[in-house]
Amino acid sequence: MSTISTQGTTHHTELAGWVEEVAARTRPDRVVWVTGTDEESAEINALLVEGGTFVQLAEDKKPNSFYCASDPDDVARVEDRTYICSVEEKDAGHTNNWMDPAQMKATLEPLFDGCMTGRTMYVIPFVMGHLEADQPMFGVEITDSAYVVASMRIMARIGTPVLAKMEELQADYVKGLHSVGAPLADGQADVPWPCNDTKYIVHFPEERAIWSYGSGYGGNALLGKKCYALRIASAMAHDEGWMAEHMLILKLTNPEGVVHYIAAAFPSACGKTNLAMLETTLPGWKAETVGDDIAWMRFGDDGQLYAVNPEFGLFGVAPGTGYGTNPNAMHTIERGNSIFTNVARTDDGDIWWEGMTDDKPEHLTSWKGKDWTPADGEAGTPSSHPNSRFCTPIEQLPTLAQEYYEPNGVPISAILFGGRRKTTVPLVTEARDWQHGTFFGATLSSETTAAATGAVGVVRRDPMAMLPFIGYNAGDYLGHWLDMGKQHDESKMPKIYLVNWFRRDADGGFAWPGFGENTRVLKWVVDRLEGTVGADETPIGLTPRAGDLDVEGLDLTDEQLAAALAVDEQEWRDELPLIREWFDKFGDALPQQLEDELQTLTQRLA
Ligand SMILES: Nc1nc2c(ncn2[C@@H]2O[C@H](COP(=O)(O)OP(=O)(O)OP(=O)(O)O)[C@@H](O)[C@H]2O)c(=O)[nH]1
Ligand SMILES: O=C([O-])CC(=O)C(=O)O
Ligand SMILES: [Mn+2]
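Residues numbered from 1 in each chain as written. Chains lettered and ligands numbered in written order. Predicted model: local features only at pLDDT ≥ 70, side-chain atom pairs only at ≥ 80, totals over all residues. Heavy atoms only, no water.

Some thoughts on the site of ligand 2
Here is the rule: By convention in these notes, a residue is near a molecule or strand provided one of its non-hydrogen atoms lies within 4 Å of it. Polar contact is the term for a pair of N or O atoms within 3.5 Å; when the atoms are in protein, one must be able to donate a hydrogen and the other to accept it, and sequence-neighboring residues count only if both atoms are side-chain atoms. Secondary structure is summarised from DSSP: a helix means a run of H or I of at least four residues, a strand means a run of E of at least two, and numbering begins at the N terminus for each. Here the term charged refers only to Asp, Glu, Lys and Arg, the term nonpolar to Ala, Val, Leu, Ile, Met, Phe, Trp, Tyr, Cys and Pro, and the term polar to all other amino acids, Gly among them.
What surrounds ligand 2 is the set R77, G218, G219, K225, K226, H246, S268, D293, F315, R389 and A451. At a separation of 2.8 Å, an oxygen atom of ligand 2 approaches a polar backbone atom of G219. At a separation of 2.5 Å, an oxygen atom of ligand 2 approaches a polar side-chain atom of S268. For the shell around ligand 2, the elements supplying multiple residues, two or more each, are α6 (218–221) and α7 (224–240). Tallied by class, the residues present in the shell around ligand 2 amount to two nonpolar, four polar and five charged.

So this is what it looks like as structure tokens:
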């Protein structure tokens, strides 16, 4: 028996109507309007503990923090189940799955019919970016997952203050509908992680709407993040002349006190969170964090490109995050108020994952709930899923820059593109101009990671690290990048760089130490921006001159340094047919300027 009792309601007439409509279809037992208060959060966490979804961690280890294991088949974004349902198929382009919107709704409506029976339907008003922005970017997520509510509270600004502003403005907002797709029959017991084998992550870009079904995990279910802030926002940005990008935002201050803000696009699990909070290894250099995953960039009246981080939390890859590699992330989670999904638990009520500490605990409970000892690790069974995540408030980050709170964002002086490439792509290359830099982004390639389901370690093209996140035709997206350069004063546009922390040396190890030592690459970038160093012209772009990359004190052989920095022309000639093949997939949608760039590169390598 489902009796809908609406706790709280809204003076936003259109929203009230939508909530009623969704409740009538999904038939939850009750509707709760999420307020975002501490009391409410405590109640929701207690519910999750009671239901077995959360395990509370020891208060003296991680205060107000929770461990959670997902269903072992619901651990990452499902790119093959993700759709861009634009009205016209050509507007989704070759990189997206597409279905006619009416046909998709006809497919999904029966799945949503009664899908919340036996559950609570939560209505989460949220804003991506600042409530004080000139045009606040509102969203409402309706979900039947309390885990999603707890996570959204960390990742976005939510609740009563947002709703009040929406009501005052009778504002437009992005509609996000989410269900785990696991209705409960009368008396049926729930499971800790309800989900459905059938999954759909669907975007209707013209309607600015998201329908997500069957998964409770991260980017599939926290609809403010990849679904709104990248896929829907990229379509809005294309229409409105701004940019929604998969980029960290870093504030860098050199020893002379000169500040530069740098944005960087790396594919999922390729180092954004790490670079965003790096500990500099050069004296006098200071790094602070503005964002670690998403940048919304608009042109200021001064013609410069300004970036804001629309998020409120960090949803970081756990394995590999440790005191040695990313101490600032560790200090952030030590402050508590965090959710850890698919990591391992220690016997004293804390959590652990591969790479957190050099010493492995003697005994753990693995993410699958099994006893785990270092011998299991040696036998190839990690304690934590490779895409296990920490979800933690960004305000706890010790390196958070004051400018994070600036509603208009920070002026970007450089954009880095990077991926995981064992070969070919050198440590750092500067683009000759915006168009050449757009070519860097358009041809960006990386080995796949555990952040999405499917094979790991396969090289694929990932334009601007946005392959899974472009909410429209990828050719039009690249055209939009070129337009941004053409429509604005190029001298004020950010300079663009291609980087690769993941090249291997002859022994198969990483040629470059990475992490904090990436400061040295950033220093070269800043020196270039400041005009204090030159560069070598190579067929692929501008690279550091011998001696200009500061490697003092690095434990690096000359061979390793050469392996990291070298432009191997034969490797690049081998790359040309792969770029050709990639460009051919765009058909007519590929901008001519990128063809021109490929021609130029081919000639330079001849
Ligand atoms: N070798 C090497 N590994 C790195 C470096 N930076 C990050 N990593 C590793 O790459 C993995 C992913 O890094 P993250 O910083 O979490 O990647 P991300 O881009 O934020 O990933 P998403 O949150 O999925 O978008 C972690 O296991 C890191 O330890 C680096 O400079 N060198
Ligand atoms: O979206 C997710 O689930 C996690 C994430 O940040 C990514 O994959 O880039
Ligand atoms: Mn990250």
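Having seen the model, we can carry on.
Some words on the pattern of salt bridges
Two side chains that carry opposite charge are able to pair once their charged atoms sit near each other. The test is simple: Salt-bridge detection follows one rule: a side-chain nitrogen of Lys or Arg within 4 Å of a carboxyl oxygen of Asp or Glu.
One pass over the full model with this rule turns up 35 salt bridges. The partner of K61 in a salt bridge is D348, with the nearest N and O atoms 3.2 Å apart. Here the residue K61 occupies a position in the loop between β3 (54–56) and β4 (66–68), and D348 occupies one in the loop between β20 (344–346) and β21 (351–352), the gap between them amounting to 287 residues. For the salt bridge of K225 with E311, the shortest nitrogen-to-oxygen distance reads 3.0 Å. Within this pair, whereas K225 is found in helix α7, its partner E311 is found in the loop between β17 (305–308) and β18 (313–317), the two being separated by 86 residues in sequence.

Some details on the sheet that holds β20
Counted only if it meets this: Two strands qualify as a pair provided DSSP detects at least 2 bridges between them.
The sheet built from four strands is open, its strands ordered β21-β20-β22-β23 with antiparallel pairing. Strands at the two margins of the open sheet, each flanked by one partner only, are β21 and β23 (371–372). Here strand β22 (residues 364–365) pairs with β23 via two bridges, running antiparallel. From the neighbouring strand, L364 faces β23, where its bridge partner is W372.

Remarks on the packing of aromatic side chains
The cut-off we apply is this: Each Phe, Tyr or Trp ring (for Trp, its six-membered ring) is paired with any other whose centre lies within 6.5 Å, and the angle between the two planes then decides the class: stacked below 30 degrees, edge-to-face above 60, tilted in between. Accessibility here uses a 1.4 Å probe with only protein chains present; expressed as a share of the type maximum, an area under 20% marks a residue as buried, one over 50% as exposed, and anything in between as partly exposed. When the NZ atom of lysine or the CZ atom of arginine is within 6 Å of a ring's centre and also within 35 degrees of its normal, the charge is said to sit over that ring.
A complete count under the given rule lists 25 aromatic pairs for this structure. Aromatic pair F266 and W501: ring centres 6.1 Å apart, planes at 85°, arrangement edge-to-face. Of this pair, F266 sits in the loop between β14 (259–265) and α8 (272–276) while W501 sits in the loop between β29 (495–499) and α13 (519–530), and the two are 235 residues apart along the sequence. Take F266: its relative accessible area is 1%, and that puts it in the buried class. One aromatic cluster is present, formed by F54, F66, Y147 and W193 through successive ring pairs. Positioned above the aromatic ring of Y200 is the side chain of R81, whose terminal nitrogen or guanidinium carbon lies 4.6 Å from the ring centre.

Observations regarding the pairing of strand β25 (residues 410–418)
Within β25, eight of the nine residues are buried, leaving the element largely enclosed by the surrounding structure. Summarising the sheet, β14 and β25 pair through five bridges and their orientation is parallel. Directly across from Y261, in β25, lies its bridge partner I412. In this structure, β17 lies alongside β25, joined through two bridges in antiparallel fashion. When the bridges of β25 are listed, Y306 appears paired with P411. Here β25 runs beside β29; their pairing, made up of five bridges, is parallel. Bridging from a neighbouring strand, F417 pairs with L498 of β29.

Points about the site of ligand 1
For clarity, the cut-off: In short, Shrake-Rupley with a 1.4 Å probe defines the accessible areas, and a residue's cover is counted only from the protein chains shown.
As a structural note, the neighbourhood of ligand 1 is formed by 22 residues, with A269, K272, T273, N274 and R389 the closest of them. For ligand 1, an oxygen atom lies 2.8 Å from a polar atom in the backbone of G271. Out of a free accessible area of 650 Å², ligand 1 has 93% covered by protein chains. For the shell around ligand 1, the secondary structure elements donating two or more residues are α8 and β18. At three residues, α8 tops the list of elements feeding residues into the shell around ligand 1.

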